[in-house]
Amino acid sequence: MKHSVSYSIEVYVTPEESQTNTSPFFWCILKYENGHSSNEGSGWAKDPLTAYLTAYHYYESILCPSV
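Since this is a predicted model, take the numbers as computed values, not measurements.

Thresholds applied
- Residues numbered from 1 in each chain as written.
- Predicted model: local features only at pLDDT ≥ 70, side-chain atom pairs only at ≥ 80, totals over all residues.
- Heavy atoms only, no water.
- Pairing = 2+ DSSP bridges.
- Helix = DSSP H or I, 4+ residues; strand = E, 2+ residues; numbered from the N terminus.
- Axes fitted to C-alpha atoms, helices over the stretch in contact; angles between N-to-C directions.
- Contact = heavy atoms within 4.5 Å.
- Expected span 1.5 Å × (residues − 1).
- Buried < 20%, exposed > 50% of the residue type's maximum accessible area, 1.4 Å probe, protein only.
- Arc of directions from axis to C-beta.
- Polar contact = N/O pair within 3.5 Å; in protein donor to acceptor, adjacent residues only side chain to side chain.

Topic: the sheet that holds strand 1 (residues 5-11)
Phase 1 of the analysis: Here three strands make up an open sheet; going across it, the order is 1-2-3 and the pairing antiparallel. The open sheet is flanked by strand 1 and strand 3 (36-45), the only strands paired with a single partner. Taken over all neighbouring pairs, the strand axes of this sheet differ in orientation by 15° on average, direction set aside.
Phase 2 of the analysis: Here strand 1 pairs with strand 2 (residues 25-33) via seven bridges, running antiparallel. By the bridge assignment, Tyr7 is partnered in strand 2 with Lys31.
Phase 3 of the analysis: Across the sheet, helix 1 (residues 48-63) is in contact with strand 1, strand 2 and strand 3; its angle to strand 2 comes to roughly 40°.

Topic: helix 1
Phase 1 of the analysis: Taking 1.5 Å per residue as the helical rise, helix 1 with its 16 residues ought to reach 22 Å, and the 21 Å between its terminal C-alpha atoms agrees with that figure.
Phase 2 of the analysis: Regarding helix 1, the residues found buried are Ala51, Ala55 and Tyr59. Projected onto a plane normal to the axis of helix 1, the buried residues spread over an arc of 70° and lie on a single side. Exposed residues lying more than 90 degrees from the buried face of helix 1 are Leu49 and His57.
Phase 3 of the analysis: Its side-chain oxygen placed 3.2 Å from the backbone nitrogen of Leu49, Asp47 serves as the N-cap of helix 1.

Concerning unusual backbone geometry
Phase 1 of the analysis: Look at Asn34: it is not a glycine, yet its phi comes out positive at around 55°.
Phase 2 of the analysis: Following the sequence through the fold, Asn34 ends up in the loop between strand 2 and strand 3.

What follows is the structure, given as C-alpha cells:
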C-alpha cells in the first residue's frame with residue numbers, strides 16, 4: 001500500500017527579536033505522512049518573503065530534487 005506524503009511550508013510573520021537581530025523570521029517545512037507530521041527543515045531569515053523563498057529552495061533542492 002502506497003502512503004500519501006505531503007509537505008507544507010510555515011513562515012512565522014511575527015519577528016522573534018530574542019533569537020537573532022539580523023534574521024528574526026522563522027521558517028520550517030513539515031512533512032505529513034501516515035497521520036503524523038515531522039519537521040524536515042527549518043531556518044531563520046531577514047524578512048517573511050526571504051523566509052518563504054529560502055524554505056521553498058530548500059524543499060526543491062533537498063527534499064524533492066526531481067521537481
